[in-house]
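# Observations on the three-dimensional arrangement
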Amino acid sequence: MPQGQDPTLNPMTHPDQLNDMANAIRFLSMDAVEQANSGHPGLPMGAADIATVLFTQFMDFDPQHPDWPDRDRFVLSAGHGSMLLYSVLYLLGYEDIDLDQIRQFRQLGSRTAGHPEYGHAAGIETTTGPLGQGLANAVGMAIAERKLAAQFGPGIVDHRTFCLVGDGCLMEGISQEAIALAGHLRLAKLIVLWDDNSISIDGPVSLADSTDQMARFKASGWSVLRVDGHKPAEIAAALTQAQASDRPTFIACKTTIGYGAPTKAGTAKAHGSPLGTKEIEATRDKLGWTCPPFKVPSETLDAWRIAGLRSAQKYREWEKRFAALDPEVRGEFDRRMRGDMPANLAEAMDAFKRKLADDRPTMATRKSSETVLEVINGVVAETLGGSADLTGSNNTKTSQTAPITPSDFAGRYIHYGVREHGMAAAMNGIALHRGLVPYGGTFLVFSDYARPAIRLAALMGIRVIHVLTHDSIGLGEDGPTHQPVEHLAALRAIPNLLVLRPADTMETAECWQIALEHATTPSVLALTRQNLAAVRTEYSAENLCARGAYELAPADGEAHVSVFASGSEVALALAAREELQSAGVPARVVSVPCFELFAAQSTQYRRSVIGTAPVRIAVEAAIGQGWERFVGEDGIFVGMNGFGASAPGEALYEHFAITAAAIVKAARSRLS
């Protein structure tokens with residue numbers, strides 16, 4: 001061992017070599033930002049020493065097998081420093097990130113987007129950029145690791161989650177939700193490294209914040225350590241200590257943003273814009289880096305590539321253990337990692353639908369959801385439920401889902417506490433880890449708290465299911481603070497998100513099946529507090545909700561009126577149809593459980609469902625935005641135009657004129 005080298009460091013890596021390896025990150029990052037004339041060089045330059053020690057001495061991964069299920073996960077929560085991650089992936093030998101991709105940083109079609117994007121390249125575990133999201137994703141990944149280890153054993157699942165955060169991540173409110181949950185659950189395999197550079201975009205962090213982050217994490221149940229983020233031996237010693245902790249660990253790494261830049265280091269000028277050619281040349285001189293842009297000395301690149309091979313033997317040993325498993329267990333693990341549903345799910349759901357056709361239950365769709373989940377959770381072993389302190393209201397817990405506790409992860413239910421945002425982002429992390437299908441509940445109105453994470457799930461294309469109950473003024477007395485009005489339209493505005501609003505238990509069953517079978521799309525189930533009678537009274541082998549909209553009740557003869565409705569308002573539409581037809585006005589009803597699925601149907605099908613009736617009416621206890629696609633600009637909307645009020649639900653429907661009588665009156669006004 002070279003004299004003075006810390007025993008926690010790999011004896012094959014000399015401190016001078018570690019310095020060169022860190023400088024490779026620094027110069028690739030500043031060169032890429034300079035060429036793009038856009039980006040954030042400061043974080044990669046400041047955190048390069050942290051990343052070098054972490055990736056070359058501690059993390060287990062294999063660039064030749066990047067999807068190894070038991071690899072350690074790394075989350076760059078401070079996603080603006082994306083060139084740190086891209087540089088590391090290139091240096092380690094990940095095939096998806098070559099030097100051309102580094103040169104194409106932030107350019108159209110490149111894998112090296114401005115912020116890391118899941119699916120663009122192996123080694124990018126999640127999409128980050130909105131600060132704090134990655135930290136909560138990392139909590140979800142650590143939950144998934146511990147849950148799967150409890151089921152499949154440490155010989156198959158035994159890895160850590162590392163997360164690099166910045167000052168902004170820790171200022172965002174979601175950080176407290178995430179760290180409190182992680183501390184409570186004692187997620188000992190979660191290690192968070194703080195790039196403590198004391199700089200934000202506006203200038204010194206002290207302009208806006210004076211939080212003692214060490215005390216905050218300690219109060220939340222974490223082990224806390226502090227190191228000099230530019231001293232590899234200290235970083236390595238802290239990581240070694242963190243690995244032995246029985247709690248999650250927070251390591252504050254004091255760094256200098258833009259480390260090495262003669263005039264911009266330690267200032268906000270290094271944060272979010274290119275350094276400029278003169279500053280880069282001066283940095284080359286200061287750090288002794290003689291290579292031209294995008295060039296790494298062969299001996300330094302070789303050291304990185306050797307580091308990329310350090311876990312290959314561990315991967316081969318894991319393969320042997322996996323191959324020795326009982327074939328049934330091995331097949332189950334593979335299926336869950338692929339994201340496939342069990343083969344018997346369709347059969348179980350079909351049998352349940354047959355029973356519903358006979359029973360025709362009247363119940364709130366939140367209760368319908370619970371009965372459906374009782375079937376699903378008996379068949380799909382990988383569902384992991386939860387609620388943001390509303391279990392009894394969301395009806396998300398079933399007989400199969402014992403709670404997870406800090407000392408026992410055998411259960412299948414997480415009490416997230418009053419942390420909607422943290423729950424949604426943690427569920428993203430659980431889904432990204434693979435092997436589990438997370439669902440979690442809160443009130444629809446509180447989707448506002450979770451929206452940033454729901455949006456990122458849609459952007460990443462991951463299966464996360466949000467059970468959002470109390471979906472309209474029908475919830476009643478809690479009043480307008482709790483009555484969602486604009487929320488359905490707001491969620492429908494998010495691309496690649498299925499917003500499912502079933503009208504009864506049969507539709508709820510079909511909507512749950514849709515959510516489970518869409519592996520690359522998150523879903524929202526908007527469910528009622530109030531009871532609803534069955535509107536689907538006949539068995540259909542086809543999942544009619546999968547078409548997004550379908551004719552539920554045809555007109556007697558050529559339709560003069562078409563009524564389109566979702567959820568609780570479908571029953572009102574059917575009652576209006578009966579009255580119109582009794583008066584000799586042929587009317588039809590179309591149930592519309594999902595706008596997004598309807599938009600994906602063929603033009604011919606969409607035209608057939610919309611029909612040719614001269615009067616078209618849409619009914620929903622929400623604002624009318626979006627219903628124009630069904631009724632046209634001249635169509636009629638029966639629904640909400642403002643906020644709700646505090647009163648019993650039945651009285652509110654009468655007060656706001658969302659009734660069968662109002663539908664009939666509107667139809668007659670156009671027919672006369």
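Everything numeric here is computed off the predicted structure, so don't read it as measured data. Sequence order as written defines residue numbering, which begins from 1 separately in each chain. Reporting of local features is limited, given that this is a predicted model, to residues whose pLDDT is at least 70; pairs of side-chain atoms are given and counted only at 80 or more, and all residues count toward the totals for whole chains, interfaces and linings. Each side-chain value is derived from all of the structure's non-hydrogen atoms; neither hydrogens nor water enter the calculation.

## Re unusual backbone geometry
Phi is positive for Arg434, close to 80°, though the residue is something other than glycine. The helix count covers DSSP runs of H or I at least four residues long, the strand count covers runs of E at least two residues long, and both are numbered beginning at the N terminus. Among the structural elements, Arg434 can be located in the loop between helix H17 (420-433) and strand S11 (437-443). When accessible area is computed with a 1.4 Å probe and restricted to protein chains, residues below 20% of their type maximum are described as buried, those above 50% as exposed, and intermediate ones as partly exposed. Accessibility expressed as a relative area gives 33% for Arg434, which makes it partly exposed. Even without a glycine there, the phi angle at Ala657 is positive, about 55°. Looking at the element boundaries, Ala657 is found in the loop between helix H25 (649-655) and helix H26 (660-671). Residue classification places Ala657 among the partly exposed residues on the basis of a relative accessible area of 40%.

## Quick notes on the sheet that holds strand S3 (residues 190-196)
When DSSP finds at least two bridges between two strands, those strands are taken to pair. Spatial strand order, S1-S2-S3-S7-S6: five strands in an open sheet with parallel pairing. Each edge of the sheet is formed by a strand with only one pairing partner; in this case those strands are strand S1 (73-76) and strand S6 (223-228). Ignoring which end each strand starts from, the neighbouring axes of this sheet average 20° apart. As defined by bridge partners, strand S2 (residues 161-165) adjoins S3 across five bridges and the pair is classed as parallel. From the neighbouring strand, Cys163 faces S3, where its bridge partner is Val192. In the packing of helix H5 (residues 133-152) onto the sheet, the strands contacted are S1, S2 and S3, and the crossing angle to S2 comes to about 170°. Axis geometry follows a simple rule: fit a line to the C-alpha atoms, using only the stretch in contact for helices, then measure angles between N-to-C directions, giving values from 0 to 180 degrees. Residue contacts are counted whenever heavy atoms from the two residues lie within 4.5 Å of one another.

## A short note on the pairing of S6
Burial along S6 is one-sided: the face carrying Ser223, Leu225 and Val227 is buried and the face carrying Val224, Arg226 and Asp228 is not. One ladder, built from six bridges, connects S6 with strand S7 (residues 249-254); its direction is parallel. By the bridge assignment for S7, Ser223 is matched with Thr249. As for the winding sense of the linkage, the β-α-β connection from S6 through helix H9 (residues 232-243) to S7 is right-handed. The crossover handedness rule: strands pointing away from the viewer, path from first strand over the helix to second strand clockwise, crossover right-handed.

## A look at the pattern of salt bridges
Pairing between side chains of opposite charge can happen when their charged atoms approach one another. Any Lys or Arg side-chain nitrogen found within 4 Å of a carboxyl oxygen on Asp or Glu counts as a salt bridge. As enumerated under the stated definition, the model contains 28 salt bridges in all. Of the charged contacts, one joins Arg310 and Asp60 as a salt bridge, the two residues approaching to 3.9 Å between their closest N and O atoms. Of this pair, Arg310 sits in the loop between helix H11 (298-308) and helix H12 (312-323) while Asp60 sits in the loop between helix H2 (42-58) and S1, placing them 250 residues apart in sequence. Note on Arg310: relative accessible area 30%, which makes it partly exposed. Its salt-bridge partner being Asp340, residue Arg338 comes within 2.8 Å of it at the nearest N-O pair. Look at the salt bridges and you will find they share partners, linking Asp471, Arg492, Arg501, Glu569 and Glu620 into a network.

## Digging into the environment of Asn395
If you trace the backbone, Asn395 turns up in the loop between helix H16 (391-394) and strand S10 (413-415). Sequence separation between Asn395 and Gly441 is 46 residues, and the spatial gap between their C-alpha atoms is 8.1 Å. Look past the residues within four positions of Asn395 in its chain and what remains in contact with it is Arg366, Lys367, Glu370, Leu373 and Leu390. N or O atoms closer than or at 3.5 Å make up a polar contact, with two conditions inside protein: a donor-capable atom paired with an acceptor-capable one, and, for residues adjacent in sequence, both atoms drawn from side chains. Here the side chain of Asn395 touches Glu370 through a polar contact of 2.9 Å, side chain to side chain.

## Quick word on the packing of aromatic side chains
Only centres within 6.5 Å qualify two rings of Phe, Tyr or Trp (six-membered ring in Trp) as a pair; their planes then separate them into stacked at under 30 degrees, edge-to-face at over 60, and tilted for everything else. According to the stated counting rule, one finds 22 aromatic pairs in the structure shown. Residues Tyr315 and Trp318 carry aromatic rings whose centres are separated by 6.5 Å and whose planes lie at 20° to one another, so their mutual orientation is stacked. Within this pair, Tyr315 and its partner Trp318 are both found in helix H12, separated by three residues, close to a single helical turn. Each member of the pair, Tyr315 as well as Trp318, carries the same accessibility label: buried. A ring pair is formed by Phe443 and Phe446, whose centres lie 5.9 Å apart and whose planes are at 20°; its orientation type is stacked.

## Topic: the sheet that holds S11
Read across the open sheet, the six strands follow the order S10-S9-S11-S12-S14-S13; overall the sheet is parallel. Of all strands in the sheet, those with a lone pairing partner are S10 and strand S13 (498-500), marking the two edges. Neighbour to neighbour, the strand axes of the sheet diverge by 20° on average, direction disregarded. In this sheet, S11 lies alongside strand S9 (residues 383-387) in parallel orientation, the contact comprising three bridges.

## Some details on H11
Among the residues making up H11, those that are buried are Thr300, Leu301, Ala303, Trp304, Ala307 and Gly308. Taken end-on, H11 shows its buried residues confined to a sector of 155°, consistent with a single buried face. Across H11 from its buried face, at more than 90 degrees, point the exposed residues Glu299 and Ile306. Among the structural elements, helix H1 (15-36), H2 and helix H3 (82-92) are those in contact with the buried residues of H11. Taking the helix axis as origin, the arc is that swept by the directions to the C-beta atoms.

## Thoughts on the packing of H12 against helix H13 (residues 327-338)
Helix-helix packing: each pair is described by the crossing angle between the helix axes and the interaxial distance. The contact between H12 and H13 brings their axes to 9 Å, and the two run at 120°. As judged from the angle between their axes, H12 and H13 are oblique. Residues Trp318, Phe322 and Ala323 of H12 lie in contact with H13, whose contacting residues are Arg330, Phe333 and Asp334. Think of it as three bins: nonpolar holds Ala, Val, Leu, Ile, Met, Phe, Trp, Tyr, Cys and Pro, charged holds Asp, Glu, Lys and Arg, and polar takes everything else, Gly as well. Looking at the contact of H12 with H13 residue by residue, the classes come out as four nonpolar, no polar and two charged. Oblique is the label for every angle not falling under 35 degrees (roughly parallel), over 145 degrees (roughly antiparallel), or within 65 to 115 degrees (roughly perpendicular).

## Focus: the nonpolar core
In a soluble, globular protein the nonpolar side chains are often hidden away together inside. Among buried residues, the Ala, Val, Leu, Ile, Met, Phe, Trp, Tyr and Cys ones that are joined through side-chain atoms within 4.5 Å form a nonpolar core. Within the largest apolar cluster, 143 residues are counted, with the highest numbers of intra-cluster contacts made by Phe55, Ile143, Leu239 and Ile251. Ignoring sequence-local partners within four residues, the contact set of Leu239 consists of Val53, Leu54, Phe58, Phe162, Ile191, Leu193 and Ile251. Grouped together as the second largest cluster of nonpolar side chains are 79 residues, Ala509, Leu525, Met640 and Ala667 included.

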